[in-house]
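Here is what each chain is made of, one letter per residue.
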Amino acid sequence: MEAGVMGDATVVQRGVSAPAWWITGAALFAAGIWGLPLIESTQFENHFFGLFYYSILAGIVLFWALPSEQRVENGQLERRFCLLGLLVLWKKTTPLSAFSEIHFEQDPNLFRKDTVWVILSGTGDEGERFAFANFSATASNIAKAQALAEALSQVTGLPIKTHESAGVAE
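Only a predicted model underlies this, so the values are computations on that prediction, with no experimental measurement involved.

**Let's talk about the overall build of the protein**
Counting its regular elements, the protein contains four helices and nine strands. Ordered by position from N to C terminus, the α and β elements of the protein give β-β-α-α-α-β-β-β-β-β-β-α-β. By residue count, 34% of the 170 residues in the protein fall in the buried class. In the protein, the proportion of contacts linking residues at least 24 apart, taken out of those at least 6 apart, comes to 43%.

Dropping the structure here:
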């Protein structure tokens with residue numbers, strides 16, 4: 001996921017800019033080619049399994065083809081889902097006045113590195129929460145998360161709160 005400050009008043013976090021998104025697309029394309037013998041066969045059983053295989057692959061491609069993009073611009077926080085990262089299909093806008101701070105949360109993962117989240121949150125337990133970005137918890141990614149939080153803080157005017165219990169290295 002790429003994050004950046006664009007212009008004077010915009011911070012953008014995009015899933016389509018990540019190399020993993022492109023690698024996944026290439027793997028899905030290869031999986032589509034790999035399954036061709038199932039539908040090119042003359043046996044009915046292979047056609048049945050090919051239909052099953054390609055219906056599951058189509059569902060996966062649907063989720064892959066709709067990456068999200070988060071942005072802060074002109075006092076609004078916006079999450080957009082774009083077809084292949086180009087055509088906006090759905091967006092949700094929330095005013096920045098619903099938030100009071102930016103903070104980090106670290107979720108433990110069982111099979112891979114922990115995940116660090118950059119969260120905008122409102123006041124109280126019932127306040128609005130918005131996950132702006134997530135990174136695997138490596139030293140370089142934690143630095144990226146902190147840089148993104150700094151950029152968000154500059155654009156939004158919200159303070160960055162540090163929580164010792166989050167486990168995120170400062």
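Here the narrative resumes, following the displayed structure.
**Re the pattern of salt bridges**
Under the defined criterion, the tally for this structure stands at six salt bridges. Across the pair glutamate 78 and lysine 91 runs a salt bridge whose closest N-O atoms are separated by 3.8 Å. Remark: lysine 91 occurs in strand 5 (residues 87–95) and glutamate 78 occurs in strand 4 (residues 76–83); sequence separation between them is 13 residues. The exposure class assigned to glutamate 78 is buried, which follows from its relative accessible area of 13%. Measuring nitrogen to oxygen at the nearest pair gives 2.8 Å for the salt bridge that ties arginine 129 to glutamate 105. With arginine 129 in strand 8 (residues 129–136) and glutamate 105 in strand 6 (residues 101–107), this pair connects stretches of sequence that are 24 residues apart. The class of arginine 129 is partly exposed, set by a relative accessible area of 46%. Overall, glutamate 105 belongs to the partly exposed group, its relative accessible area being 22%. Each of the salt bridges in this network shares a partner with another, and the network as a whole consists of Glu69, Arg71, Glu73, Glu78, Arg80 and Lys91.

**Overview of the packing of aromatic side chains**
Under the definition given, this model contains seven aromatic pairs. Aromatic side chains tryptophan 21 and tryptophan 64 sit 4.4 Å apart centroid to centroid with 15° between the ring planes, which places their arrangement in the stacked category. Residue tryptophan 21 is located in helix 1 (residues 19–34), and its partner tryptophan 64 is located in helix 3 (residues 44–64); the two are separated by 43 residues in the primary sequence. Taking 5.5 Å as the distance between ring centres and 40° as the angle between the ring planes, the aromatic pair formed by phenylalanine 81 and tryptophan 90 counts as tilted. A network of ring pairs unites the aromatic residues Trp21, Trp22 and Trp64 as a single cluster.

**Points about the packing of helix 1 against helix 3**
With their axes 11 Å apart at the nearest point, helix 1 and helix 3 run at an angle of 165° to one another. As far as their axial angle goes, helix 3 and helix 1 are roughly antiparallel. Between helix 1 and helix 3 lies a crossing of left-handed hand. Each of Trp21, Thr24, Gly25, Leu28, Ala31, Gly32 and Trp34 in helix 1 lies in contact with helix 3, whose residues at this interface are Tyr53, Tyr54, Leu57, Ile60, Val61 and Trp64.

**Regarding the confidence of the model for the protein**
Per-residue pLDDT for the protein averages 81, and the proportion of residues at 70 or more is 88%. Within the protein, helix 1 carries the highest mean pLDDT (93), whereas strand 1 (residues 2–6) carries the lowest (46). Below a pLDDT of 50 lies the segment residues 1–8, which in the model reaches 20 contacts outside its immediate sequence neighbourhood of four places, other chains included.

**A look at unusual backbone geometry**
We note that asparagine 74 has phi near 55°; this positive angle belongs to a residue other than glycine. Within the secondary structure layout, asparagine 74 lies in the loop between strand 3 (68–73) and strand 4. On the basis of relative accessible area, asparagine 74 is assigned to the exposed category, the value being 67%.

**Re the side chain of histidine 103**
Residue position: histidine 103 is located in strand 6. Histidine 103 gets classed as buried once you look at its relative accessible area, which sits at 5%. Separated by 3.5 Å, the side chains of histidine 103 and glutamate 101 make a polar contact.

Cut-offs used in this document
Residues numbered from 1 in each chain as written. Predicted model: local features only at pLDDT ≥ 70, side-chain atom pairs only at ≥ 80, totals over all residues. Heavy atoms only, no water. Helix = DSSP H or I, 4+ residues; strand = E, 2+ residues; numbered from the N terminus. Buried < 20%, exposed > 50% of the residue type's maximum accessible area, 1.4 Å probe, protein only. Contact = heavy atoms within 4.5 Å. Salt bridge = Lys/Arg side-chain N within 4 Å of Asp/Glu carboxyl O. Phe/Tyr/Trp six-rings, centres within 6.5 Å; stacked < 30°, edge-to-face > 60°. Axes fitted to C-alpha atoms, helices over the stretch in contact; angles between N-to-C directions. Parallel < 35°, antiparallel > 145°, perpendicular 65-115°, else oblique. Left-handed = near helix turned anticlockwise from the far one by under 90°. pLDDT = per-residue confidence, 0-100. Polar contact = N/O pair within 3.5 Å; in protein donor to acceptor, adjacent residues only side chain to side chain.

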